[in-house]
Amino acid sequence: MKKIILLYITIISAFSINSYSQQKKIASGDKKYDDYAYIDAIKTYERVAEKGYKSADMFKKLANSFYFNSEFDKAAKWYGELFAMNTEVEPEYYYRYAQSLKSTGETAKANQMLDLFNQKVKIDTRGKLYESNKNYLDLIKANSGRYNIENAGINSKYSDYGPAFYLNKIVFASARDTGNFNQRKHKWTGEHFTNLYQADMDENLNPGTVKKFESKINSKFHESTPVFTKDGRTVYFTRNNYIEGKKGKDENKTTLIKIYKATLENNQWSNITELPFDSDSYSTAHPALSPDEKTLYFASDMPGTIGQSDIYKVSINGNGGYGSPENLGATINTEGKETFPFITDENEIYFASDGHPGLGGLDVFVGAITKNGVSNIQNVGADINSPNDDFAYIIDTKSRRGFFSSNKEGGQGSDDIYKFLETRKLKCIQELSGVITDAVTGAILSGAKVSLYDDQMILKGSTITDQKGFYIFPVECGKFYNVRAEKSDYTTREAGITIASENGKTYLPIALDKSGCQVTIGDDLGKCFGISMIYFDLDKSNIRAEAALDLEKILDVLKQYPTMKLDIRSHTDSRQTHTYNEQLSERRAKSTIQWLVKNGIAPNRLTGKGYGETELINGCSDGVDCTEEQHQMNRRSQFIIMAL
């Protein structure tokens, strides 16, 4: 018994010591996480978690560490452990889990997470984009198959990314080992800090031998994502907050990144200066120039940013100064990451995002630059994009050749540069649809023929409405079309419409009038022509021009059927007094009869009466609060057939 008790105490003591040890390890991991030493934190958290210890906070940090390093399969594993604990987590984790699941091919489960994310944060742009584009995979599929892609031939076993055109060269960032044993490594990635490298290109943009870029721009910290002016004499580039041997830090003692500018003097890059809107308190990165070189685009998390990073623009003034940075807005920027902009001479912006619906991680998107911001944002397709991070897309619009960066499977390093040839330009996709109905009754008209014509009245296609009266055509954005609807016993009608200049759906319902109208005693002849009201000026009973047009239709029928007799009934709504409404409707009924008699109808074929507000067809009586539309239903004219 004593041995058993001693053994029990020994086990408890060992467990307590072990538990204390694990808590120390977790605390160590937390410090490394907060210092952005994610690689070290991963090792600590993993060792603890693999021993069976469960902690929502630990699972969050462990999963985030993999997520931030774009190892989405491992992130999905630990987010899964987090959600298996059935504890309340912030909505952001639903989104990150969904993005990670996409990368592992679990799209259905990812969409479930996105549904839950959207329920929890109804105002989040990412949720709204998903909710309005639940068929985003179909759109991505439609945009795929447009590229020939191959390794750029300049990659190393380390990270290579962020290509830029420079005269007849390509310049890019690389963490490749230079053979210098004193080369510094980044705690976050465990790789060497990146410097800029270059390679000459032939006429088909095939890079040659890689050489290190000019040394004065390269420092012992990160340099990446340059953009050069067309004359090759000015460069903007990204670097850690480091200049003239001094390293800047924010209030948390973290060295962020900034955009710098350098000019070419006597074949040497000099005058390296940070841009005036840079700050020690936030990051600016990945500059891009407009074709006229008067606007600089970049990514930042400066105050006013919608998400983790947004895309901004700033004017470059003629005197060498800059305007105030301007956020490109919520059409392009989400609560996620938007980064790596590239501007073409076709008024397009390519950028990377994990906030717009994609395949997982960062995807490459393209949008149209307009006076009001960015519109018609589309995923460029599954040729470029993968379940991992795809970013830093650049293209020569004349040859349709270019480069992009990715950490997709099958590469040489953690990030690689790929070259491409775009074989087919991306088209704006629109659907034109609508419902065909009866103009009087609103009844759905199935079996109606609907034809689509372009602006030159050339037939583009025809279809038959389904049981719900629905038709649909694929159409081109920004173009004008005529839609013709026809059905037996109905008058054919055409309607014109200009399609929006961005992806989406355009709705055009068409109501058809019956070409013939069967009536009998007791029917309202006015319904044959959609006449619900003979209009008079306010508080008057003289026939207006538009009222005369409707009465001409009644007159024509009376002349066709000389034995037909009508009882003309005029109704008002409940506003004004009962006596006033009765007298007003009586005068209007008489005015209607007088007009018909004046135009040749025998008086003995017509009777009439004003009913005022005595036959309301809804509950809008005195004292009841009703809309104008509800009151309008009670203001009506009837032409009741009394004899045929």
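Worth saying up front: this structure is predicted, and the values here are computed from it rather than measured. (Residues numbered from 1 in each chain as written. Predicted model: local features only at pLDDT ≥ 70, side-chain atom pairs only at ≥ 80, totals over all residues. Heavy atoms only, no water.)

Participant: Where do I start with the sheet that holds strand E20 (residues 390-396) in this structure?
Facilitator: Backbone hydrogen bonds are what pair the strands of a sheet, in a parallel or an antiparallel way. One open sheet accounts for four strands, arranged E1-E22-E21-E20; its pairing is antiparallel. Pairing within the sheet leaves two strands with one partner each, and these edge strands are strand E1 (147-151) and E20. Recorded for the sheet is a direction-independent mean angle of 25° between the axes of neighbouring strands. Pairing of E20 with strand E21 (residues 401-406) involves five bridges; the strand directions are antiparallel. Pairing of Ile-394 across the sheet is with Phe-403, part of E21. (Pairing = 2+ DSSP bridges. Helix = DSSP H or I, 4+ residues; strand = E, 2+ residues; numbered from the N terminus. Axes fitted to C-alpha atoms, helices over the stretch in contact; angles between N-to-C directions.)

Participant: What's the story with the environment of Met-85 in this structure? I'm lost.
Facilitator: Tracing the chain through its elements places Met-85 in the loop between helix H4 (72-84) and helix H5 (91-103). Note: C-alpha distance between Met-85 and Phe-59 (26 residues apart in sequence) is 9.9 Å.

Participant: Which parts of the structure should I look at to understand the nonpolar core?
Facilitator: Burial of nonpolar side chains together is a common tendency in soluble globular proteins. The biggest cluster of nonpolar side chains holds 30 residues, and the ones touching the most others in it are Trp-78, Tyr-79, Phe-83 and Met-113. Sorting the residues of this core by element identifies helix H2 (38-50), helix H3 (56-68), H4, H5, helix H6 (107-120) and helix H8 (136-142) as the ones contributing at least two each. Discounting chain neighbours no more than four positions away, the residues touching Tyr-79 are Ala-63, Asn-64, Tyr-67, Tyr-93, Arg-96, Tyr-97 and Ser-100. If you look at the next biggest cluster of nonpolar residues, it comprises 23 residues, including Ile-170, Tyr-350, Val-364 and Val-380. (Core = buried A, V, L, I, M, F, W, Y, C linked by side-chain atoms within 4.5 Å. Buried < 20%, exposed > 50% of the residue type's maximum accessible area, 1.4 Å probe, protein only. Contact = heavy atoms within 4.5 Å.)

Participant: Any chance you could explain H6 here in plain terms?
Facilitator: Because each turn of an α-helix spans 3.6 residues, side chains separated by three or four positions in sequence point in the same direction. Taking 1.5 Å per residue as the helical rise, H6 with its 14 residues ought to reach 20 Å, and the 20 Å between its terminal C-alpha atoms agrees with that figure. If you check which residues of H6 are buried, you get Ala-110, Asn-111, Met-113, Leu-114, Phe-117 and Asn-118. End-on, the buried residues of H6 take up no more than an arc of 160°, which puts them together on one face. Seen from the buried face of H6, the exposed residues on the opposite side, beyond 90 degrees, are Ala-108 and Gln-119. (Expected span 1.5 Å × (residues − 1). Arc of directions from axis to C-beta.)

Participant: It is not clear to me how unusual backbone geometry should be interpreted in this structure. Could you clarify?
Facilitator: Glycine aside, the phi torsion of most residues is negative, and most peptide linkages are trans. Positioned with a positive phi, Thr-225 is a non-glycine residue whose angle comes to about 40°. Examined against the element boundaries, Thr-225 turns out to sit in strand E6 (residues 223-228). For Thr-225, a relative accessible area of 6% gives the class buried. Residue Asn-376 is not a glycine yet carries a positive backbone phi of 50°. Relative to the assigned elements, Asn-376 resides in strand E19 (residues 373-379).

Participant: What is the right way to read the packing of H4 against H5 from this model?
Facilitator: The N-to-C vectors of H4 and H5 enclose an angle of 135°; their axes lie 8 Å apart at closest approach. Overall, the two elements H4 and H5 adopt an arrangement that is oblique. Handedness of the crossing formed by H4 with H5: left-handed. The residues of H5 that touch H4, namely those facing Phe-72, Ala-75, Ala-76, Tyr-79, Gly-80, Leu-82 and Phe-83, are Tyr-93, Tyr-94, Arg-96, Tyr-97, Ser-100, Leu-101 and Ser-103. (Parallel < 35°, antiparallel > 145°, perpendicular 65-115°, else oblique. Left-handed = near helix turned anticlockwise from the far one by under 90°.)

Participant: It is not clear to me how the pairing of E21 should be interpreted in this structure. Could you clarify?
Facilitator: Regular strands place side chains that alternate from one sheet face to the opposite one. Judged by how many residues are buried, E21 sits mostly within the fold: five of six residues are covered. Linking E20 back to E21 in an antiparallel pair, the connection comprises four residues, with Arg-400 at a positive phi of about 60°. Sheet topology note: the E21/strand E22 (residues 416-422) ladder contains six bridges and is antiparallel. Following the sheet pairing, Arg-401 is matched in E22 by Leu-421.

Participant: I'm lost on the state of the cysteines in this one. Help?
Facilitator: Simply put, the disulfide is a covalent bond whose two ends are the sulfur atoms of two cysteines. Tallying each qualifying case throughout the model produces one disulfide. Sulfur-sulfur distance for the disulfide between Cys-620 and Cys-626 comes to 2.2 Å. Handedness of the Cys-620-Cys-626 disulfide follows from its S-S torsion of about -105°: it is left-handed. Each member of the pair, Cys-620 as well as Cys-626, carries the same accessibility label: buried. (Disulfide = S-S within 2.5 Å.)

Participant: Even after reading the chapter, I still don't get the packing of H5 against H6, so can you show me in this structure?
Facilitator: Geometrically, a packed helix pair is captured by the angle between its two axes and the distance between the axes. In contact at an axis separation of 8 Å, H5 and H6 are set at 160° when each is read in the N-to-C sense. Judged on the interaxial angle alone, H6 and H5 are roughly antiparallel. As for the relative orientation of H5 and H6, their crossing is left-handed in sense. Packed against H5, whose contacting residues are Pro-91, Glu-92, Tyr-94, Tyr-95, Tyr-97, Ala-98, Leu-101 and Lys-102, the element H6 presents Lys-109, Ala-110, Met-113, Leu-114, Leu-116, Phe-117 and Lys-120 at the interface. Tallied by class, the residues present in the contact of H5 with H6 amount to 11 nonpolar, no polar and four charged. (Nonpolar A, V, L, I, M, F, W, Y, C, P; charged D, E, K, R; others polar.)

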